[in-house]
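Fold and contact review
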Amino acid sequence: MQKGLSENQSIKAESLDPLQDQITALVNLYKSGHVMETEQTCRELLQTYPQSLGVMNILGEALRSQGKLKEALQVYENAIRFDPGLAEIYSNHGNVLKELGRFEDALESYGKAIQVNPDFAMAYYNRGNVLREIGQLDEAVESYDKAIQFRPDFVNAYYNRGIVITKYRANDPQIGFMEELYSQPELKQSDREKLSFALAKAYEDFGEYEKSFNYLERGNLLCKKEQNYSIASDRKLFSKIKELFEAGSLALKVSPGRDTTIQPLFIVGMPRSGTTLIEQILASHSKVHGAGELVTLNELASPIVWSFTVQETSQNRRGISQDKIEAVRNTYLESLAALKVPEKVITDKMPLNFRWVGFILSAFPEAKIIHVNRNPVATCWSIYKQHFRSDGNEYAYDMDDLTEFYKLYIDLMSFWREKFPN
């Protein structure tokens, strides 16, 4: 996830009262991954300094990192009311709106950030990400180019630009800039990873395949070293899912349509199988809203599955309680309602939701599921060429792990078809 806090907090010093040292400590705490502790410290400081925009900015990011999007949105809106002239606040406000699936509102917020600070590279970068998400690719490239113009070492902008651009040409000056950055010994590992994938894509585009694959191998090796991952963890997860849905009743007692007019539509499959294209086709209909890859279902279903790992098998035979199924339903539908869109059919294209098909069919009898298939070799090769940012894709950086995960996927989808034949 792209952090919304700049290396040096750009919030005006006079708005911080005497808190500059605390601000620096908070930024370091947040960047070290202690987001819950960051949230608590921010709330304590705001008791004393309720108008500190720097603290509000960090609190908003800590909340966003935990998936507390409504709370984060409120924090940023409060900050904007205190001072509507801060580009970084508008940009981070836009990031929350993006994660809520409110893409047009997010673009408006980034626009305000750029209006306040026309040289603000991060706002152009974030804007490019939303434009890419909604399929406005030419505009996305322009936005990434603006980000690079104002920040020539902006590795994420180079990487995302490479995803969007159809084909690099051998004389593209961006390749030279990326090579120059890559050669710098002090380059952060995370940046070296992204540049490896970006350069692999560039050289593949104009036929230098050996050079492309060398960069690809380097990038994946760097990513794998960074992950504390074993395919055994996913084997265990998939086994627990099947065990859970083989047990007891499936709690299919929720009355469809009794409490909402919203109809979820889930698009599942392996990453790089075509889920984005399917959503774009569906969202072109006037009654369908494409919400992108929502993390909500994973956050609701995963703890339920793992909670059964500490219980005896005999207890597991109870299946999933009606209360848990209803909690999944209610919380998920609340998250869709929070999008505040007029369309009643809302798509969720998180590919790895294929793991939670049993939860979907139990909690949302009215929902439709589209399972997208693509040639297995093409799918796995395309995955290997990506630098994934989302949790759940740690298998992607090793060809053996990737092959084994694909087998787990095929097996689980066969299980769902057998368990839910209709």
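See the structure printed just above.
The shown structure was predicted, so the numbers you read here are calculated from the model rather than taken from an experiment. Residue numbers here run from 1 along each chain, matching the order of that chain's written sequence. This being a predicted model, a pLDDT of at least 70 is required before a residue's local features are given, and a value of 80 or more before pairs of side-chain atoms are given or counted; all residues contribute to the totals for chains, interfaces and linings. Computation of side-chain values: all heavy atoms of the structure, hydrogens and water removed.

Take the overall build of the protein chain next. Regarding its fold elements, the protein chain presents 20 helices and four strands. In the protein chain, which comprises 422 residues, the proportion classed as buried is 52%. In the protein chain, of all internal contacts separated by at least 6 residues, the share reaching a separation of at least 24 is 72%. Calculation of accessible area relied on Shrake-Rupley with a 1.4 Å probe; when residues are assessed, cover is drawn exclusively from the protein chains displayed. Looking at the protein chain as shown, the accessible area adds up to about 19,900 Å², and 50% of this sits on carbon and sulfur atoms. Helix and strand definitions follow DSSP, with helices as H or I runs of at least four residues and strands as E runs of at least two, each counted in order from the N terminus. Burial classes follow relative accessibility: with a 1.4 Å probe on protein chains only, a residue under 20% of its type's maximum area counts as buried, one over 50% as exposed, and anything between as partly exposed. Between two residues, a contact is recorded if the distance between any of their heavy atoms is within 4.5 Å.

Turning to the packing of helix α9 (residues 155-164) against helix α11 (residues 189-205), a few remarks are in order. The contact between α9 and α11 brings their axes to 9 Å, and the two run at 30 degrees. By the criterion of interaxial angle, the relationship of α9 to α11 is roughly parallel. Regarding α9 and α11, the two cross each other, and that crossing is left-handed. Residues Val155, Asn156, Tyr159 and Gly162 of α9 form the contact with α11, whose participating residues are Asp191, Lys194, Leu195, Phe197, Ala198 and Lys201. Its residues placed into classes, the contact of α9 with α11 shows five nonpolar, two polar and three charged. Axis definition: a line fitted to C-alpha atoms, limited for helices to the stretch in contact. Angles are taken between N-to-C directions and run from 0 to 180 degrees. Here roughly perpendicular refers to angles of 65 to 115 degrees, roughly parallel to angles under 35, roughly antiparallel to angles over 145, and oblique to all remaining angles. Note: crossing handedness is left-handed where the near helix turns anticlockwise from the far helix by less than a right angle, and right-handed where it turns clockwise. Any residue outside Ala, Val, Leu, Ile, Met, Phe, Trp, Tyr, Cys, Pro, Asp, Glu, Lys and Arg is labelled polar, Gly included; the first ten of those are nonpolar and the last four are charged.

Our next topic: unusual backbone geometry. A positive phi angle, close to 65 degrees, is found at Arg272, a residue other than glycine. Mapped onto the elements of the fold, Arg272 is located in the loop between β1 (263-268) and α14 (275-283). With a phi close to 55 degrees, Lys340 is a non-glycine residue in the positive phi region. Turning to its location among the elements, Lys340 is positioned in the loop between α17 (322-337) and β3 (345-348).

Further remarks concern the pattern of salt bridges. Salt bridge, as used here: a side-chain nitrogen of Lys or Arg that lies within 4 Å of a carboxyl oxygen of Asp or Glu. The full count for this structure, using the stated rule, is 18 salt bridges. Residue Asp401 is joined to Lys224 by a salt bridge in which the shortest nitrogen-to-oxygen separation is 3.2 Å. Here Asp401, found in helix α20 (residues 399-419), pairs with Lys224, found in helix α12 (residues 209-226); they are 177 residues apart in sequence, far enough to count as distant. Asp401 sits in the buried class, given a relative accessible area of 11%. The network of salt bridges with common partners includes Glu39, Arg43, Lys68 and Glu71.

Quick look at the nonpolar core now. Phe354, Phe359, Phe364, Tyr395, Phe405 and Trp416 are the most contacted members of the largest nonpolar core, which totals 124 residues. Ranked by residues supplied to this core, first place goes to α20 with nine residues. Setting aside chain neighbours within four positions, we find Tyr395 in contact with Tyr229, Met270, Pro271, Leu352, Ile383, Asp401, Leu402 and Phe405. In plain words, nonpolar cores are sets of buried Ala, Val, Leu, Ile, Met, Phe, Trp, Tyr and Cys residues tied together by side-chain atoms within 4.5 Å. Core analysis: the next-biggest nonpolar cluster, separate from the first, contains five residues, Leu265, Ile267, Val288 and Val372 among them.

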